[in-house]
Amino acid sequence: MKAGAAAIKAAIIDLDGTMLHTVPDFELALNGMRAEFDLAPIDQQTIEPMVGKGSEKLIRDVLLLDYDAGKVDAVFDQAMAAYQRHYLAINGERATLYPDVIEGLRAMKELGLRLACVTNKPIAFTLPLLERKGLAPWFELVYGGDSLPKKKPDPLPLQQVCRDFGLAPETVVAIGDSSNDAEAARAAGCFVLTVPYGYNHGMPVQTINSDGIVNSLLAAAKLISAHNSTSN
């Protein structure tokens with residue numbers, strides 16, 4: 001992060017691929033949906049590059065493995081309803097916390113940072129998942145992919161958090177695993193840090209235009225602390 005820049009006062013943290021490994025949940029829900037269409041199950045390696053653009057894009061991409069675009073349009077609503085039913089039934093069942101997530105959130109709170117979770121996952125999935133995994137108490141604000149008119153990589157959700165917190169974007173850092181997070185942060189005027197273990201649509205994390213790669217949320221907290229100790 002830039003030397004001499006303003007101190008960081010808040011962090012906006014992504015969910016899938018940043019705090020939680022959720023592809024095992026997607027595998028269960030998507031294959032439950034596919035079974036209703038008599039389609040063969042798909043594995044986590046197939047699913048992982050598709051994660052992160054929101055449920056609508058995920059369902060379309062999964063159906064396009066077997067159907068042409070016209071057929072996808074014809075069955076989309078039915079498939080989405082089936083997927084949502086299956087996902088709500090298993091939400092968080094197989095998802096696991098990445099290392100040092102809770103420790104990182106605690107360290108950020110101890111630095112006095114305000115915390116928001118912004119994800120492209122629908123809010124109806126997001127809130128119970130945060131509760132189930134013990135993450136909900138850490139966040140003052142939570143926005144899902146359908147909470148606002150636009151989702152990441154559009155900057156709107158990050159801009160909304162800055163407005164809600166009453167903070168200038170240059171005092172806020174976004175932390176995520178994909179280009180969605182970085183593009184949204186850049187457009188909003190926020191700092192952005194990326195973790196190397198997430199999904200990023202199958203692309204290397206090194207291709208993301210960020211202010212640094214951090215191995216965990218705890219490492220991010222330490223970097224923010226170091227930045228703030230030298231900031232204006």
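Residues numbered from 1 in each chain as written. Predicted model: local features only at pLDDT ≥ 70, side-chain atom pairs only at ≥ 80, totals over all residues. Heavy atoms only, no water.

1. Let's talk about the pattern of salt bridges
The tally for this structure, following the rule as stated, stands at 12 salt bridges. In this structure, Arg 94 engages Glu 27 in a salt bridge whose closest nitrogen and oxygen atoms are separated by 3.2 Å. Separated by 67 residues along the polypeptide, Arg 94 in the loop between helix H4 (69–90) and strand E3 (96–97) and Glu 27 in helix H1 (residues 23–36) bring together distant segments of the chain. Residue class for Arg 94 comes out partly exposed when judged on its relative accessible area of 38%. Between Glu 140 and Arg 114 there is a salt bridge, with the nearest N and O atoms lying 2.4 Å from each other. Here the residue Glu 140 occupies a position in the loop between helix H6 (123–132) and strand E5 (141–143), and Arg 114 occupies one in strand E4 (residues 114–118), the gap between them amounting to 26 residues. Linked by salt bridges that have partners in common, Asp 14, Lys 152 and Asp 181 make up one network. (Salt bridge = Lys/Arg side-chain N within 4 Å of Asp/Glu carboxyl O. Helix = DSSP H or I, 4+ residues; strand = E, 2+ residues; numbered from the N terminus. Buried < 20%, exposed > 50% of the residue type's maximum accessible area, 1.4 Å probe, protein only.)

2. Remarks on the state of the cysteines
A full pass over the atoms with the stated rule returns zero disulfides. Just so you know, Cys 117 is unpaired, no disulfide at all, and the nearest cysteine sulfur is the one on Cys 190, 15 Å from it. In this structure Cys 117 comes out as buried when scored by relative accessible area, which is 0%. With no disulfide of its own, Cys 162 lies 4.0 Å from the sulfur of Cys 190, the closest cysteine sulfur. (Disulfide = S-S within 2.5 Å.)

3. Points about the pairing of E4
Within a regular beta strand, the side chains point alternately toward one face of the sheet and then the other, so they alternate between its two faces. In terms of residue burial, E4 counts as a mostly covered element, since four of its five residues are buried. In terms of strand pairing, E4 meets E5 through three bridges, oriented parallel. Note that in E5 the partner of Val 118 across the bridge is Tyr 143. As for the winding sense of the linkage, the β-α-β connection from E4 through H6 to E5 is right-handed. (Pairing = 2+ DSSP bridges. Right-handed = clockwise from strand over helix to strand, strands pointing away.)

4. Quick look at the UniProt feature "active site" (unreviewed entry) in the chain
Sites flagged by UniProt as "active site" (unreviewed entry) map to Asp 14. On the secondary structure map, Asp 14 appears in the loop between strand E1 (10–13) and strand E2 (20–21). According to the relative accessible area criterion, Asp 14 is buried, its value standing at 7%. (UniProt positions renumbered as here; feature names shortened; annotations may be inferred.)

5. Quick notes on the side chain of Asp 177
Position of Asp 177 among the secondary structure elements: in the loop between strand E6 (172–176) and helix H8 (179–188). We note that Asp 177 is buried and unpaired, the nearest opposite charge coming from Lys 152 at a distance of 6.7 Å. Excluding its chain neighbours within four sequence positions, the residues that come into contact with Asp 177 are Asp 14, Asp 16, Gly 17, Thr 18, Val 195, Gly 198, Tyr 199, Asn 200 and Ile 208. (Lys, Arg positive; Asp, Glu negative; His and termini not counted. Contact = heavy atoms within 4.5 Å.)

6. Re the UniProt feature "binding site: Mg(2+)" (unreviewed entry) in the chain
UniProt's feature table lists "binding site: Mg(2+)" (unreviewed entry) at Asp 14, Asp 16 and Asp 177, given in the numbering used throughout. A maximum C-alpha distance of 8.3 Å among these annotated residues, which run over 164 residues, shows that they cluster at one spot. Looking at the secondary structure, you find Asp 16 in the loop between E1 and E2. For Asp 16, the residues in contact, after removing those within four places along its chain, are Thr 22, Phe 26, Val 51, Thr 119, Lys 121, Asp 177 and Tyr 199. Only 2.4 Å separates the side chain of Asp 16 from the side chain of Thr 22, close enough to count as a polar contact. (Polar contact = N/O pair within 3.5 Å; in protein donor to acceptor, adjacent residues only side chain to side chain.)

7. Observations concerning the nonpolar core
In a soluble, globular protein the nonpolar side chains are often hidden away together inside. The biggest cluster of nonpolar side chains holds 59 residues, and the ones touching the most others in it are Ile 13, Met 19, Met 33, Tyr 83, Leu 105, Met 108 and Ile 175. Sequence-distant contacts of Ile 13, that is, excluding residues within four places in its chain, are made with Thr 18, Met 19, Leu 105, Met 108, Leu 115, Ala 116, Cys 117, Val 118, Phe 139, Ile 175 and Leu 217. Core analysis: the next-biggest nonpolar cluster, separate from the first, contains 23 residues, Leu 141, Ala 185, Ala 188 and Val 192 among them. (Core = buried A, V, L, I, M, F, W, Y, C linked by side-chain atoms within 4.5 Å.)

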